[in-house]
Protein chains: 2
Amino acid sequence: MNTNSGKVTLLSAGPGELDLLTLRAAKALAVADVVLLDDLANPEIVSLAPQARVIRVGKRGGCRSTPQAFIERLMRRYAQKGLHVVRVKGGEALLFGRAGEELASLREAGIAVEIVNGISSGFAAAAGLGISLTHRRHCHGVTFVTAHTEDHGEPDWAALAATRTTLAIYMGMRRIGSLAAALLESLPGHTPAAVVQWAGSIHERRLLTRLERLAADADDAGFGSPAVILVGDAIGESVQALWSQDAASCDDAASARAA
Amino acid sequence: MNTNSGKVTLLSAGPGELDLLTLRAAKALAVADVVLLDDLANPEIVSLAPQARVIRVGKRGGCRSTPQAFIERLMRRYAQKGLHVVRVKGGEALLFGRAGEELASLREAGIAVEIVNGISSGFAAAAGLGISLTHRRHCHGVTFVTAHTEDHGEPDWAALAATRTTLAIYMGMRRIGSLAAALLESLPGHTPAAVVQWAGSIHERRLLTRLERLAADADDAGFGSPAVILVGDAIGESVQALWSQDAASCDDAASARAA
């Protein structure tokens, strides 16, 4: 237990498998006094924090089991007791997930904050598909966008399509039909699209399709949250077999037929 | 030395400091036979690959010291000898940096490929500034785009601005004046903007400003490559002192005046 001033580490847990944590994250967990655990993070992460009191503060989209204000109060309270609090967030803490509000709350209370980056599920999804998100033959960038309208409002799908960047859409599975329809007003039906559920975890599942069949194929194959939806010509570079629902390893890709 | 079939690990070295590597990356390096080292990666990374023959294949923008085709041939040649080749790329391998072409080349040769994700400098830059890239009060996403026109063509700055996502612009320092001017046709001059040079390394430097002063301020303060340029209202949440050229730790942020 830290007897000096406390602090909060906002820690990115990455997409699931524990070896996708950074070395810095593992070090922070090893000395944590209190761990506040997001339910999108792999619960086995607590094995890396043997000294810590673990508090689960899951808050799935729509189902507010632990209100945001309460999580912020918990962090402040423990840090003000002089403890090292590690707030574990799934994926990359600085991409979606209300880090902005948590940082503001902690700073307002004068609490020292350290941020530890991690792997966001969109990158893990691309690794699973065996593709660059920004293949220079196809695009000049990638846009990470949330379809969770309650948090961020409705994205302007026409504007996003006009950028010709690869789109990595988070929290979109409940609205996959309407967002695909909106994108089809600006993009051709044959635009490559993919869904990767539980990207970067042992449960990873992948679907490779075209924009015009995205919603139907995802539904037929029983894909649900949490998943990343990828749309754009760079996705067509995946050599994973079309319609594959198996988490084939990248090593299989060498012998797979080009999509 | 692996006496069975060889393989290539496309490994993301992260933004600089070695503890920002993933545990998986450290494991891959520990058993590597050959390391092909990008010059944007921290050269100290070779200390994690004690068994490996290290080949430096730097290729800075514009200065093609090692042609891409030669790098691809080297990877194929060593893997075909049965060796475990680790191709180290700065940042996140699947974001810019020609991973798409390297993957295609390896698969064409029937070589097994593993991809290990990492931290891209845009996320490290946000951590340095102490901000979420997607604060829900300001935006619904973030776009990573390269201004390296030779590789990816000229981005459509008006289309990017219309998305109202945070923009994280890579390889833009040589064109900071023209890209800022292009963005000013669509975005207000007071739009928060930042430059983070050597993000996530011990040399990190930060500049926080407004879009209308971005190019002049970066020039005055002597900022150069490699750097990430960030533009968007979410950047205004940074509490780092304006005009700061010091790599102040996040812990200092609590006492800094809100920007």
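Residues numbered from 1 in each chain as written. Chains lettered and ligands numbered in written order. Predicted model: local features only at pLDDT ≥ 70, side-chain atom pairs only at ≥ 80, totals over all residues. Heavy atoms only, no water.

Going by an unreviewed UniProt entry, chain A carries the name uroporphyrinogen-III C-methyltransferase and comes from Paraburkholderia phenoliruptrix. In its Sequence similarities (unreviewed entry) section, the UniProt entry covering chain A states "Belongs to the precorrin methyltransferase family." The Pathway (unreviewed entry) field of the UniProt record for chain A holds the comment "Porphyrin-containing compound metabolism; siroheme biosynthesis; precorrin-2 from uroporphyrinogen III: step 1/1." (UniProt positions renumbered as here; feature names shortened; annotations may be inferred.)

### Structural notes on the overall build of chain A
On a plain count of helices and strands, chain A comes out with 9 helices and 10 strands. In chain A, buried positions account for 60% of the 259 residues. For chain A, contacts bridging at least 24 residues in sequence account for 66% of all contacts bridging at least 6. Accessible surface computed for chain A: about 9,600 Å², of which carbon and sulfur atoms make up 50%. (Helix = DSSP H or I, 4+ residues; strand = E, 2+ residues; numbered from the N terminus. Buried < 20%, exposed > 50% of the residue type's maximum accessible area, 1.4 Å probe, protein only. Contact = heavy atoms within 4.5 Å. Areas by Shrake-Rupley, 256 points an atom, 1.4 Å probe, with all protein chains shown as cover.)

### Things to note about the pairing of strand β5 (residues 112–116) of chain A
Residue and element names in this part refer to chain A. Burial analysis of β5 places 4 of its 5 residues in the buried class, which makes it a mostly covered element. Two elements, strand β1 (residues 7–12) and β5, share 5 bridges in a ladder whose sense is parallel. Within β5, the position partnered with L10 by the bridge is I115. (Pairing = 2+ DSSP bridges.)

### Concerning the sheet that holds strand β7 (residues 166–170) of chain A
Spatial strand order, β9(A)-β8(A)-β10(A)-β7(A)-β6(A)-β6(B)-β7(B)-β10(B)-β8(B)-β9(B): 10 strands in an open sheet with mixed pairing. Only two strands of the sheet have a single partner each, and these edge strands are β9 (205–210) of chain A together with β9 (205–210) of chain B. In this sheet, neighbouring strand axes are inclined to one another by 15 degrees on average, regardless of whether the strands run parallel or antiparallel. Taken together, the 4 bridges between β7(A) and strand β10 (residues 227–231) of chain A define a ladder with antiparallel strand orientation. Looking at β10(A), one finds that L167(A) is bridged to V231(A). (Axes fitted to C-alpha atoms, helices over the stretch in contact; angles between N-to-C directions.)

### With respect to the packing of helix α2 (residues 68–80) of chain B against helix α3 (residues 99–108) of chain B
All names here are of chain B. Where α2 contacts α3, the two axes come as close as 10 Å, and the packing angle between them is 40 degrees. Classified by the angle their axes make, α2 and α3 are oblique. Both α2 and α3 take part in a crossing whose hand is right-handed. Across the interface between the two elements, Q68, I71, E72, M75 and R76 of α2 pack against E101, E102, S105 and L106 of α3. Of the residues belonging to the contact of α2 with α3, the class tally is 3 nonpolar, 2 polar and 4 charged. (Parallel < 35°, antiparallel > 145°, perpendicular 65-115°, else oblique. Left-handed = near helix turned anticlockwise from the far one by under 90°. Nonpolar A, V, L, I, M, F, W, Y, C, P; charged D, E, K, R; others polar.)

### Things to note about the relation of the copies chain B and chain A
Expressed as a screw operation, the relation of chain B to chain A combines 0.0 Å of axial shift with a rotation of 180 degrees, fitting to an RMSD of 0.0 Å. Given the turn and translation reported, the copies of this chain are related as if by a two-fold rotation axis. Take the interface residues of chain B: 100% of them recur as interface residues in chain A, which is what a same-surface contact looks like. (Least-squares fit on C-alpha atoms with pLDDT ≥ 70 in both.)

### Comments concerning the interface of chain B and chain A
Every contact between the two is made by 64 residues of chain B and, on the other side, 64 residues of chain A. Taken together, both faces of the contact between chain B and chain A bury some 5,400 Å²; the carbon and sulfur share is 58%. Taken as a group, R107(B), R136(B) and H140(B) account for 14% of the area that chain B buries against chain A, more than any other trio of residues on that side. Seen at the junction of chain B and chain A, the total is 8 salt bridges. (Buried area = accessible area lost by both parts, 1.4 Å probe. Salt bridge = Lys/Arg side-chain N within 4 Å of Asp/Glu carboxyl O.)

### Here's the deal with the pattern of salt bridges
Residues and elements named next belong to chain A. One pass over the full model with this rule turns up 26 salt bridges over all chains. Residue E204 pairs with R206 through a salt bridge whose shortest N-O separation is 2.8 Å. Across this residue pair, the class does not change: E204 and R206 are buried. We note a salt bridge from R210 to E212, for which the minimum N-O separation is 3.1 Å.

### Side note on the sheet that holds strand β3 (residues 53–56) of chain A
Strand-to-strand pairing in sheets goes through backbone hydrogen bonds, with the strands running parallel or antiparallel. All names here are of chain A. Spatial strand order, β3-β2-β4-β1-β5: 5 strands in an open sheet with parallel pairing. Looking at which strands have only one partner, the edges of the open sheet turn out to be β3 and β5. Averaged over neighbouring strand pairs, the angle between their axes works out to 20 degrees when direction is ignored. Strands in contact with helix α3 (residues 99–108) are β1, β4 (84–89) and β5; relative to β1, the strand with the most contacts, it is inclined by about 170 degrees.

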